[in-house]
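This is what each chain is made of:
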Amino acid sequence: MPAVVLFEPEIPPNTGSVARTCAAATVPLHLIEPLGFQLTDRQLKRAGLDYWPQMDIRVHGNWQAFCGAVPCSGRRIGFSARSSRCFWDERFGPGDQLIFGPETRGLPRGLQAQLDLMVGIPMAQPAVRSLNLSVAVGVALFEALRQTR
């Protein structure tokens, strides 16, 4: 089963929507601190609707704590709007971790260097810089699930 990892997410409704998507897919969501909000945030809760009991959310103090607590049986795959490698060209495995950076700045270069692979989601309109975080997670997660189930 793949997992979704949000590194230092900043916007509560995005994280709530990602959590709801993960609940629907029955995959864990890992949040790497610092978060740009409190887990009690009203907008976070609203985006997750009444699905919070079905969510498997784990919070980690930092990247090192996450890596120590959650071994990866597949690959750690980072997503970036700036990657020239298309995620459609990859074969996802059941133990892969799909890693997304903060909405305003993406994954830091130092963290990217620690990952097995960096990929992007292609966009036909070059004037559009990036997808909303929750949309990008949904697209990537369901492609990974399609390939692994």
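Structural data are supplied above this passage.
What you are looking at is a predicted structure, and each value in this text was computed from that prediction instead of being measured. (Residues numbered from 1 in each chain as written. Predicted model: local features only at pLDDT ≥ 70, side-chain atom pairs only at ≥ 80, totals over all residues. Heavy atoms only, no water.)

Caption draft 1: Local environment of the sheet that holds strand β5 (residues 97-100). With parallel pairing, six strands are arranged side by side in an open sheet as β3-β2-β1-β5-β4-β6. On the outer flanks of this sheet lie β3 (57-60) and β6 (117-119), each paired with one strand and no other. Across this sheet, the average inter-strand angle for adjacent strands is 25°, counted without regard to direction. Running over the sheet, helix α1 (residues 12-25) touches β1 (3-7), β2 (29-32) and β3 and is turned about 155° from β2. On the sheet, helix α5 (residues 133-148) packs against β1, β4 (76-79) and β5 and is oriented at approximately 165° with respect to β5. (Pairing = 2+ DSSP bridges. Helix = DSSP H or I, 4+ residues; strand = E, 2+ residues; numbered from the N terminus. Axes fitted to C-alpha atoms, helices over the stretch in contact; angles between N-to-C directions. Contact = heavy atoms within 4.5 Å.)

Caption draft 2: How the structure looks around the packing of α1 against α5. Between α1 and α5, whose axes approach to 8 Å, the crossing angle comes to 20°. Taken together, the axis directions place α1 and α5 in an arrangement best described as roughly parallel. Between α1 and α5 lies a crossing of right-handed hand. On α5, the residues touching N14, S17, V18, T21, C22 and A25 of α1 are L133, S134, V137, G138, L141, F142 and L145. Grouping the constituent residues of the contact of α1 with α5 by class yields eight nonpolar, five polar and no charged. (Parallel < 35°, antiparallel > 145°, perpendicular 65-115°, else oblique. Left-handed = near helix turned anticlockwise from the far one by under 90°. Nonpolar A, V, L, I, M, F, W, Y, C, P; charged D, E, K, R; others polar.)

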